[in-house]
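Observations on the model geometry
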Amino acid sequence: MWSDRVITALDAPDWAQAREMLDRLPEENRRVKVGKQLFTRSGPRVVEELRDRGREVFLDLKYHDIPNTVAGALRAAADIGAWMVNVHASGGPRMLEAAREALEGSEARPWLIGVTVLTSMDARELRAVGVEGDPENQVLRLARLAREAGLDGVVASPMEVPMLREELGPDFLLVTPGVRPAGAGADDQRRAATPGRTVADGADYLVVGRPLTRAEDPARAWSSLIAEMDAAAGGT
Ligand SMILES: O=C(O)c1cc(=O)[nH]c(=O)n1[C@@H]1O[C@H](COP(=O)(O)O)[C@@H](O)[C@H]1O
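The rules behind these values
- Along every chain, residues carry numbers that run from 1 in the direction the sequence is written.
- At least 70 in pLDDT is required for a residue's local features to be given in this predicted model, at least 80 for side-chain atom pairs to be given and counted, and no such filter applies to totals for whole chains, interfaces and linings, which use all residues.
- UniProt positions are given in the numbering used here, feature names are shortened, and annotations may be inferred rather than shown by experiment.
- Working rule for contacts: place C-beta from the backbone, and if it is within 6 Å of a molecule or strand, that residue counts as near it.
- Only DSSP runs of H or I covering at least 4 residues are called helices, and only runs of E covering at least 2 are called strands; the numbering of each starts at the N terminus.
- Only Asp, Glu, Lys and Arg are considered charged, only Ala, Val, Leu, Ile, Met, Phe, Trp, Tyr, Cys and Pro nonpolar, and every remaining residue, Gly among them, polar.
- Partly exposed residues are those whose C-beta has more than 12 but fewer than 20 other C-beta atoms within 10 Å; with 20 or more the residue is buried, with 12 or fewer it is exposed, and the C-beta atoms are placed from the backbone.
- By the convention adopted here, residues make contact when the C-beta atoms placed from their backbones lie within 7 Å.

An unreviewed UniProt entry lists the protein chain under the name Orotidine 5'-phosphate decarboxylase, with Thiohalorhabdus denitrificans as the source organism. On record in UniProt, under Function (unreviewed entry), the comment for the protein chain is "Catalyzes the decarboxylation of orotidine 5'-monophosphate (OMP) to uridine 5'-monophosphate (UMP)." The record in UniProt for the protein chain states the following under Sequence similarities (unreviewed entry): "Belongs to the OMP decarboxylase family. Type 1 subfamily."

Here we take up the site of the ligand. For the ligand, the set of nearby residues contains 20 residues, the closest of which are A9, T119, P177, G209 and R210. Looking at the shell around the ligand, the elements with two or more residues in it are β3 (56–63), β8 (205–208) and α10 (210–213). Along the lines of polarity and charge, the residues of the shell around the ligand split into 8 nonpolar, 6 polar and 6 charged.

The subject of this paragraph is the UniProt feature "active site" (unreviewed entry) in the protein chain. Here, the residues flagged by UniProt with the feature "active site" (unreviewed entry) are D60, K62 and D65. Classification of K62 as partly exposed rests on a count of 17 C-beta atoms within 10 Å. K62 has contacts with N86, V87, H88 and V115, leaving out every residue within four places of it along the chain. In this structure, D65 sits in the loop between β3 and α4 (67–79). On the basis of neighbour counts, which here come to 14 C-beta atoms within 10 Å, the residue D65 falls in the partly exposed class.

This is the structure we're talking about:
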């Protein structure tokens, strides 16, 4: 079902506003993302409230710390019922392995996803932090690290999906923010593409925020997003 492959980013200042966002979207939008702003303000109860409303929660806190600290944070994320969690793959192999081990044996193990190169970064910005070359090379390097450490998949931009599918095979989850319907503004995203192309290229999950949550009519924006995904897949 296409609706299960969209994760709506509830980037709201607090739970009251996140709930309003949710109420303007159709019930079939089952997968949602809770990020740093909402979690910092309103805390773990947001995850509980969303679960009570039948939603699965991608807890997007992008952990990036020493192995022991990340492992503890992930155990806490599993305890509060996250469906998917993420860590920065640039935390390195030991941190990634500690992350995977931390979730082993948890009652309902969340999907563990490595963030590669933020979709807001282009080659110039990568250079500024000391990484030469195309974002694509760095994405591949970090995705390989994530896979070697036993993570379930990566976050990358739609631009890298064909390359990652080819290099890492069909079973590694590709989660892609930076999705923009044709004609929509890119906002702060730098490596963006349309939902149709992203699906046709083989992404598993599309993370979509502002194009849905800031739309004048979010329910209509949702329907046209799903229709575009459907059409693109039919065309492959
Ligand atoms: O991990 C993420 O979800 C993430 C990684 C990344 O590289 N880029 C990225 O945009 N995101 C998140 O995906 C969402 C994209 O939102 P929109 O740009 O509004 O569609 C935001 O909540 C970001 O925090």
